[in-house]
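Structural features, examined
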Amino acid sequence: ETVDPEAAEADGLRVRPVPSVPSATDLPSPPKSPIHHGPEGHVRHHASNHSHHSGTPRGQQGQRVLHHLTTKIARREVLGYSQLVLQESAYDNAYLLPLISMGRFFGRSFFLLTINFILQYSVAYLLYTRTNVTQKAYREKLFGLSESQGACYYPEKYEPDIRCTPDEVYLATDWKHLDLNEDNHWTFEEASQLKAEHLGSRVTGRRVNMTEVYKNIIRVFEKYAGPRIALCDTQHQVEVFDQLTGFWEVGYITNITSDNRIIAIYANATKLNVFENRHTRKRLNGVIYTCSFPKCVDTDNGAIDSIGSACQGYNGWDACGGTWDDEDFKVGKLCCTCGGGSRSFGLAGYSHLPVGLSMDRITSVDGYTLCKQDALLPAQQDECIKNFTTIPNHIYMEEIAPFAIFCLLPETETCSNMKLRNLRPHVEFNIQSTVPVFFKITGLSTATDLTPDVICHRAVSLFCPSVFTLQSSLFQEERTDACGKKSRSVQGNDVKVTYQASSVYGDPVFGLTSAMFQGFLFLIVFLWGLASVAEFRSISVWWNVMLALPSCGIHDCLRETWESSEEDCSLEILGISKKIRILTILLNLLPRSILQCCIFIVGIQYLLSVRNISDLILNSLALTFLVTVDEMLFAAFAGEQNAAWIQATKPIKGRSFRFMDRILALTHIPFGMFMFFPILIWLSYYLISNKIYTDQLADATYCLCDLEGSNCLASRTLAM
C-alpha cells in the first residue's frame, strides 16, 4: 500500500501504522506453481525439482488441490465471523461517521440512529400487542379470563376431554350428579350444595345455580300437574255428580260425545244423563281419581242424515236407533254419541289428555298448600319449595331426564346437524290416558308433532329455557359470539349448518389444522429464521470487532490509503477510541442486539397468529419491511457522501478463535449454520407449541359450535 502524505496532512490526520490483530487469515497461503506460456499459447506449470525428477501421482496432485480449496474455504469462514464489512445502514453510519469526523458529527449520526430505534421498537411493540390481543381475545371467547370462566374448560387436568356446555345442563343429564346422598330423591339441600360448589370444583371451581333449576322444575310441575288421574272409558264404573240431588252417584259410562261430555247411566238401567267431564270421577281402593277420557272424533265429514242433521245434532240425545239414517249417514258408525266415530290419536290428538303427574308425588300436599297460602313474597314461596318438596328418581327420569339431553344442543338448527351424524336424541312415548309434562311445555298436541324433528326443535326452543336458568342464556350468547356467522348447505333432505369459527379450522385445504396450511406456515417461519440468521451473524461480528479493536487516540484510529489515482481512496480502521467504543456499545450495538431478539420473537408470534394464508403472506411482507427500516433511513437521509465513505472503508478485522477455526476446518460447516442451530431450536419450540395451541382451540371450537370431536364430552353423551 502507498500512502499520500500530502493528502493526509491536508486532512489533519497523522499517519501511523498500527499492528493488526493476529488472525487465522494472516497464515501464509500454499506456494503456487509458476505459470509460463508455451510457444503455442498453452499454459503449463513447472513443478518443483522433486516432482520433476520423480513425478507426482495424479491422486496426490488431486489431494493437494482439494486441500488447497478446503483451506481457502476455511479461511473465508474464519473471515465470516471475524471480519466486518460495513453496510449502508443507520447502524454502520452511526459507527463510522464519528471516526471520520473525529467526533464532530457524533450527534447527527446518532440522531438518525435514534429515529431508527424509535421506528423499529414502535412497530415491534405494535405487532406484539396486536398478536397477543388477538390471540387472547379469541381464547377468552372459548376459555374466559381463566380456565373456570369460559364457555369451554377441561374438567380434569392433563386429560384431553373438553366440556363446552352449561354446567347445569351437564349436571341435569345424569341423575347421579344430583342425588348426592344416593337416597333416590333430589332435594333442595342437594341443589344448594351443587350451587355452592360444582361437583368438580377441586379442579375448576366453577359455580352453577342449581337451586334455580330445582325451583324451575317444581314450578313447571306445579303449573301443569293436577290431582291423581285414572282412565275412564265406556262401560267403566264411575261416580257422576247429580246436580238435582247434589250427590255423587255410582254409574256406568255408555258413550263419550265428540264435545267432551259423557253419557252415563246410574240409579237404574233406564235413566240416561249427559255429564260434563268435571262432574265425573273414579274411585279405586278408596282413593278418588280425576277421570281422563279418550277423545272421540265424529267421522261424518260433512255427511248429513235425511232431515239435514250431522253428528253434532245427536250429542246428548237418545236418538241412536238410526231413524234418520240414509245412504251416506249411519249414526251408529259415524257419531261418537252413538258409539261410532274414531278415538285414534291421529285424529283426536293429545291436547285433551291431562298430565300424569300429581303434586302429592313431589310435595307434602297439606303443608305445601298451607305454606303457599301464607307466602306473599317470592322468598317466602322459595321457602315452601325448600321445606315441602322433593323430586323422586322415577319422576325425574320420566319427566325431565329424557328431554334434558336435548339441552346439550345449543340451538334448534343443531338438530339437523346431529341427525346427519346419527347423534340426535331419540325419545319414544307410550301415550294412553296421560301425557308427560313435556307435552304441555312444548305444545305437542297432534300426532304429526311427534316427529323427531319437531320434538328436537320444541325441546331446544321451549323446554330448555323453562327449566334452566339465565346462565344457559348467557352461555348461548357467548357461544354465538365465539362461533360467528352461520352458513347453510343442503345435504339430502336436511340442512347442514356450518359456523365461521369451525370452518377456519376445519377447511380441508386452507384450515388452520390442515396439512397444507401447516406446511406453508412452517415454510414461512423457516424463511423468517433464515432471514434472521444474517442479522444475528452481523451482530455477532459487530460484537467481535467492538471488543477486539485496539484502543487508540481519536486522531489515530483511521488511515487513508490512496491507490493508483487520487480518485481511488480507501479507509482503514486501525482502532477505536475508548469514548466511541463505549458509546457505540451502549447506544448502538446493545440496543440493536436487544431489538433483533425482540423482532425475531415477535416476528415468529406474528406469523403464527394468522388465521388464513393471505394474512400469513401479508404478515411476512410486513416483517420484511420492519427489518429494512435502518437501510431505508440511511438511503433517505444519510446522503451520497456517507455512502461513499462506507463503500471506501476496508473490512474491519476482529479476533479469530483457535477452537472455532479448528471446528470450521474439520467440519466444513459454514459459520452461519452455527448461528442457525439455536434459531432452529427456537423455531421448533414455537411451531410445536403453536400446533398444540391450535389443536386445543380447534377442539374447543368444534365442541362448542358443532358438538363434534373425540374429546368433546357433549358429543360422547349424545352418542350413548
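Note on numbering: residues in each chain are counted from 1, in written sequence order. Since the coordinates come from a predicted model, pLDDT governs what is reported: local features require at least 70, and pairs of side-chain atoms require 80 or more to be given and counted, while whole-chain, interface and lining totals use all residues. Water and hydrogen atoms were dropped before computing side-chain values, which therefore reflect all heavy atoms in the structure.

1. Points about the side chain of serine 577
Helical segments are the DSSP runs of H or I of at least four residues, strand segments are the runs of E of at least two, and each set is numbered from the N terminus. Along the chain, serine 577 turns up in the loop between β16 (569-573) and α22 (578-608). For the exposure calls, accessible area comes from a 1.4 Å probe over protein chains only, and a residue counts as buried if that area is under 20% of its type's maximum, exposed if over 50%, partly exposed in between. Residue classification places serine 577 among the buried residues on the basis of a relative accessible area of 8%. Polar contacts involving the side chain of serine 577 include one to the main-chain amide nitrogen of isoleucine 580, which spans 3.3 Å. Excluding residues within four positions of it along the chain, serine 577 makes contact with Cys552, Ile554 and Cys557. Polar contact is defined as a pair of N or O atoms within 3.5 Å, subject to the rule that within protein one atom must be able to donate a hydrogen and the other to accept it, and that residues adjacent in sequence are counted only when both atoms are side-chain atoms. Here a residue-residue contact requires only that any non-hydrogen atoms of the pair lie within 4.5 Å.

2. Some points on helix α23 (residues 613-627)
A rise of 1.5 Å per residue sets the reference length of α23, with its 15 residues, at 21 Å; its end C-alpha atoms lie 22 Å apart and thus fit the reference within 8%. For α23, every residue scored as buried is listed here: Ile613, Leu616, Asn619, Ser620, Leu623 and Leu626. The buried residues of α23 all sit within an arc of 130° when viewed along its axis, so they share a single face. Projecting away from the buried face of α23 at angles above 90 degrees are the exposed residues Leu618 and Leu621. A helix is expected to span 1.5 Å for every residue after the first. The directions from the helix axis to the C-beta atoms are what the arc is built from.

3. Some points on the confidence of the model for the protein chain
Close inspection of predicted coordinates is inappropriate for parts of the model with low pLDDT. The score called pLDDT rates the predictor's confidence residue by residue, from a low of 0 to a high of 100. Taken over all residues, the pLDDT of the protein chain has a mean of 81, while the share at 70 or more is 83%. Low pLDDT, under 50, characterises residues 1-56; the stretch is placed with 66 contacts to residues that sit more than four places away or in other chains. Low confidence marks residues 199-204, where pLDDT is under 50. Its contacts with residues over four positions away, or in another chain, come to eleven contacts.

4. With respect to empty space enclosed by the protein
Put plainly, a pocket is an open set of points on a 1 Å grid over the protein atoms alone with protein on both sides within 12 Å along at least five of seven lines, a cavity is a set where a 1.4 Å probe fits but cannot get out, and a lining residue has an atom within 4 Å of a point. Grid points are joined across faces, edges and corners, and a volume is the space filled by probe spheres set on the points. For the structure on display, the rule yields three cavities of 30 Å³ or more. Reported here for the largest cavity is a volume of approximately 60 Å³. What lines the largest cavity is Arg163, Cys164, Thr165, Tyr170, Thr173, Leu408, Leu713, Ala714 and Thr717. The biggest single contributor to the lining of the largest cavity is helix α28 (residues 713-719), with three residues. Of the residues contributing to the lining of the largest cavity, the split by class is five nonpolar, three polar and one charged. Just so you know the grouping, Ala, Val, Leu, Ile, Met, Phe, Trp, Tyr, Cys and Pro go in nonpolar, Asp, Glu, Lys and Arg go in charged, and all remaining residues, Gly too, go in polar.

5. Regarding the nonpolar core
Nonpolar core, defined: a set of buried Ala, Val, Leu, Ile, Met, Phe, Trp, Tyr and Cys residues in which side-chain atoms within 4.5 Å join the residues together. Counting 122 residues, the largest nonpolar core has Trp186, Met210, Ile217, Tyr396, Phe463, Phe468 and Leu704 as the members making the most contacts within it. A per-element tally of this core places helix α27 (residues 671-706) first, with 14 residues. Counting residues in each nonpolar core, the second largest holds 30 residues, with Leu86, Val541, Val545 and Leu589 among its members.

6. Structural notes on α27
Look at α27: 51 Å from first C-alpha to last across 36 residues, which is about the 52 Å you get at 1.5 Å a residue. Bend is computed residue by residue as the angle between axes fitted to the seven residues ending at the residue and the seven residues starting at it. Along α27, the largest kink reaches about 30° and is centred on phenylalanine 677; proline proline 678 follows within four residues of it. Following α27 by one or two positions, leucine 707 adopts a phi angle in the positive range, close to 50°.

7. Digging into unusual backbone geometry
In this structure, glutamate 182 is a non-glycine residue whose phi angle is positive, near 55°. Residues other than glycine seldom take positive phi values, yet asparagine 422 does so here, at roughly 55°.

8. Observations concerning the pairing of strand β7 (residues 247-256)
As defined by bridge partners, strand β6 (residues 237-242) adjoins β7 across six bridges and the pair is classed as antiparallel. Bridging across to β7, aspartate 242 finds its partner in phenylalanine 247. Should DSSP find at least two bridges between two strands, the strands are regarded as paired. With antiparallel pairing between neighbouring strands as the criterion, β6 and β7 make up a hairpin whose turn holds four residues, including glycine 246 at a positive phi of roughly 75°. By the bridge criterion, five bridges tie β7 to strand β8 (residues 261-266) in an arrangement that is antiparallel. Bridge pairing in β8 links asparagine 255 to isoleucine 263.

9. What about the pairing of strand β11 (residues 287-292)?
Relative to β11, strand β5 (residues 229-231) runs parallel, the two sharing three bridges. Each bridged residue has a counterpart across the sheet, and for alanine 230 the counterpart in β11 is cysteine 291. Between strand β10 (residues 280-284) and β11, which pair antiparallel in sequence order, lie two residues; one of them, asparagine 285, sits at a positive phi of approximately 55°.

10. Digging into the state of the cysteines
Cysteine sulfurs are considered disulfide-paired once they come within 2.5 Å of each other. On inspection of all chains with the given rule, the structure shows eleven disulfides. Here cysteine 407 connects covalently by a disulfide to cysteine 464, the sulfurs 2.0 Å from one another. Across the S-S bond of cysteine 407 and cysteine 464 the torsion is about -100°, and the bridge reads as left-handed. Residue cysteine 407 is located in the loop between α15 (401-404) and α16 (414-420), and its partner cysteine 464 is located in helix α18 (residues 452-467); the two are separated by 57 residues in the primary sequence. Across the pair, exposure class does not vary: cysteine 407 and cysteine 464 are buried alike. Here cysteine 483 is linked by a disulfide to cysteine 705, with a sulfur-sulfur distance of 1.9 Å. Here the S-S torsion is close to -100°, and the disulfide linking cysteine 483 with cysteine 705 is therefore left-handed.

11. A few points about the packing of aromatic side chains
Only Phe, Tyr and Trp rings take part, Trp by its six-membered ring, and two of them pair if their centres are within 6.5 Å. Stacked means planes under 30 degrees apart, edge-to-face means over 60, and tilted covers everything else. This model, assessed by the stated rule, comprises 23 aromatic pairs. Each ring, one from tryptophan 682 and one from tyrosine 685, has its centre 6.3 Å from the other, and the planes form 90°; the classification is edge-to-face. Taken as a pair, tryptophan 682 and tyrosine 685 lie in helix α27 at a separation of three residues, close to a single helical turn. One aromatic cluster in this structure is built from Phe345, Tyr350, Phe403, Phe429, Phe438, Phe439 and Phe463. For a Lys NZ or an Arg CZ to count as sitting over a ring, it must be within 6 Å of the ring centre and within 35 degrees of the ring normal. The positively charged end of arginine 281 is found above the aromatic ring belonging to tryptophan 248, 4.1 Å away from the centroid. Arginine 592 extends its terminal NZ or CZ atom over the ring of tyrosine 91, reaching a point 4.2 Å from the ring centre.

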